[in-house]
Amino acid sequence: MTAGTEATEETAPGYEQARDELIEVVRRLEAGGTTLEESLALWERGEELAKVCRHWLEGARARLDAAVAGPEGGDTPAE
């Protein structure tokens, strides 16, 4: 990861917080009634939140894969 990404991770919200905020962003976009500038800002925030959620989910997947693989780190037993 790049230095910019690392700094973002330190201040990034947790998965549930990002998901809840993303739901609110989508609700506001679907409701309409915002200016073009507000809509663009909401869209950009939604993209950021989606990246945060993807990051958390990818990390969870990696942890699950590692747990399933066992302490050896492989799928097949050592001979």
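Chemist: Describe in detail the overall build of the protein, supporting the description with residues and values.
Modeler: A tally of helices and strands in the protein yields three helices and zero strands. Reading the helices (α) and strands (β) of the protein from amino to carboxyl end gives α-α-α. Burial status across the protein gives 13% buried among its 79 residues. Long-range pairs, those at least 24 residues apart, make up 65% of the contacts in the protein with a sequence separation of at least 6. Just so you have it, the protein exposes about 6,400 Å², and 55% of that area is on carbon and sulfur atoms.

Chemist: Describe the nonpolar core, and please don't skip the residues or the numbers.
Modeler: One finds Ala18, Val25, Leu42, Leu49, Val52 and Cys53 forming the largest nonpolar core, which totals six residues. Residue assignment for this core shows that the elements contributing at least two residues are helix H2 (15–31) and helix H3 (36–69). By residue number, the principal contributor to this core is H3, which donates four residues. Here alanine 18 is in contact with Pro13, Leu49, Val52 and Cys53, once residues within four sequence places are set aside.

Chemist: Give a detailed account of H3, specifying residues and quantitative values.
Modeler: The first and last C-alpha atoms of H3 sit 49 Å apart over 34 residues, in line with the 50 Å expected at 1.5 Å per residue. Within H3, the full set of buried residues consists of Leu42, Gly46, Leu49, Ala50, Val52, Cys53 and Ala69. Where H3 is buried, its residues touch H2. Glycine 70 sits one or two residues past H3 and shows a positive phi near 90°.

Chemist: Residues and numbers for the pattern of salt bridges, please.
Modeler: Close approach of charged atoms allows side chains of opposite charge to pair. Scanning all chains against the criterion turns up five salt bridges. Across the pair arginine 27 and glutamate 24 runs a salt bridge whose closest N-O atoms are separated by 2.5 Å. Of this pair, arginine 27 and glutamate 24 both sit in helix H2, three residues apart, which is roughly one turn of that helix. The class for arginine 27 is partly exposed, based on a relative accessible area of 45%. Overall, glutamate 24 belongs to the partly exposed group, its relative accessible area being 34%. When the shortest N-O distance is used, the salt bridge between glutamate 48 and arginine 45 registers 3.1 Å. Here the residue glutamate 48 and the residue arginine 45 both occupy positions in helix H3, the gap between them amounting to three residues, near one helical turn. Taking relative accessible area as the criterion, glutamate 48 reaches 44% and is therefore assigned partly exposed. Ionic contacts of the salt-bridge type, sharing partners, join the residues Glu21, Arg45 and Glu48 into one network.

Reading guide: rules and limits
Residues numbered from 1 in each chain as written. Predicted model: local features only at pLDDT ≥ 70, side-chain atom pairs only at ≥ 80, totals over all residues. Heavy atoms only, no water. Helix = DSSP H or I, 4+ residues; strand = E, 2+ residues; numbered from the N terminus. Buried < 20%, exposed > 50% of the residue type's maximum accessible area, 1.4 Å probe, protein only. Contact = heavy atoms within 4.5 Å. Areas by Shrake-Rupley, 256 points an atom, 1.4 Å probe, with all protein chains shown as cover. Core = buried A, V, L, I, M, F, W, Y, C linked by side-chain atoms within 4.5 Å. Expected span 1.5 Å × (residues − 1). Salt bridge = Lys/Arg side-chain N within 4 Å of Asp/Glu carboxyl O.

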